[in-house]
Amino acid sequence: MSDTNNLIRINATVEITIKSLQTIVENAKKKVGKDNRGIYRVDTADKVSEMISKFLQENDFETYVMDLNHYD
């Protein structure tokens, strides 16, 4: 995984399946649970960003973008 000192945060529009988004939201809520008022205290948009970033790091996005064949 990349050294966090070498990372930069960007805002980008990405396409993911509806099922992926639903699953992230469901699992994030399961992970934090409801508070004493019955409210889930989790920012699901941040969780989506976190999940995509983690996936890109674990799957070596840096090497992927170095391959000119991926620019078609």
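Quick look at the structure, then. None of these values were measured; they are calculated from a predicted model.

Each value, and the rule that gives it
- Here, residues in each chain are numbered from 1, in the same order as that chain's written sequence.
- Only residues with pLDDT of at least 70 get local features here, since the model is predicted, and only at 80 or more are side-chain atom pairs given and counted; chain-wide, interface and lining totals rely on the full set of residues.
- Heavy atoms from the whole structure form the basis of all side-chain values; hydrogens and water molecules are not counted.
- The secondary structure listing takes helices from DSSP runs of H or I that are at least 4 residues long and strands from runs of E that are at least 2 residues long, numbered from the N terminus.
- Throughout, radius of gyration means the C-alpha value; the globule benchmark is 2.2 Å times the number of residues raised to the power 0.38.
- Calculation of accessible area relied on Shrake-Rupley with a 1.4 Å probe; when residues are assessed, cover is drawn exclusively from the protein chains displayed.
- Note on charges: Lys and Arg go in the positive column, Asp and Glu in the negative column, and His and the chain ends are not counted at all.
- Every charge is mapped onto a representative atom, which is NZ of Lys, CZ of Arg, CG of Asp or CD of Glu.
- For this analysis, a salt bridge means a side-chain nitrogen from Lys or Arg found within 4 Å of a carboxyl oxygen belonging to Asp or Glu.
- For every residue, the accessible area obtained with a 1.4 Å probe (protein chains only) is divided by the maximum for its type, and the residue is called buried under 20%, exposed over 50%, and partly exposed between those limits.
- Both site types are read off a 1 Å grid over the protein atoms alone. A 1.4 Å probe that fits but cannot get out defines a cavity, while an open set with protein on both sides within 12 Å along at least five of seven lines defines a pocket; lining residues have an atom within 4 Å of a point.
- Grid points are joined across faces, edges and corners, and a volume is the space filled by probe spheres set on the points.
- Each residue is assigned to one of three groups, with Ala, Val, Leu, Ile, Met, Phe, Trp, Tyr, Cys and Pro labelled nonpolar, Asp, Glu, Lys and Arg labelled charged, and all others, Gly among them, labelled polar.

Our focus in this paragraph is the overall build of the chain. Scanning the chain for helices and strands turns up 3 helices and 0 strands. Element order for the chain, N to C, with α for helix and β for strand: α-α-α. On C-alpha atoms alone, the chain measures out to a radius of gyration of 16 Å, which is more than a quarter above the 11 Å that the 2.2 N^0.38 rule sets for 72 residues. Judged by the C-alpha coordinates and their principal axes, the chain covers about 50 × 30 × 20 Å. Accessible surface for the chain amounts to roughly 6800 Å². Of this, 51% is attributable to carbon and sulfur atoms. Distance from the positive charge centre (10 side chains) to the negative charge centre (12 side chains) of the chain: 16 Å.

Side chains that differ in charge, positive against negative, can pair when their charged atoms come close. In total, this model carries 2 salt bridges according to the counting rule given. In this structure, Arg41 engages Asp35 in a salt bridge whose closest nitrogen and oxygen atoms are separated by 2.8 Å. Residue Asp35 is classed as partly exposed on the basis of its relative accessible area, which comes to 24%. Of the charged contacts in the structure, one is a salt bridge between Lys47 and Glu50, with a shortest N-O distance of 3.0 Å. Here Lys47 pairs with Glu50, and both are found in helix H2 (residues 44-58), just 3 residues apart, close to one helical turn.

Moving on, we come to the layout of surface pockets. The gaps of empty space that remain are located by a probe, the size of a water molecule, rolled over the atoms. Within this model, the largest pocket holds a volume of roughly 970 Å³. Looking at the largest pocket, it is lined by 20 residues, and the ones nearest its centre are Ile8, Ile10, Ser53, Leu56 and Gln57. Counting only elements with at least two residues in the lining of the largest pocket, the list comes to H2 and helix H3 (61-66). Top element by residues in the lining of the largest pocket is H2. It accounts for 8 residues. The residue makeup of the lining of the largest pocket, split by class, is 9 nonpolar, 6 polar and 5 charged.

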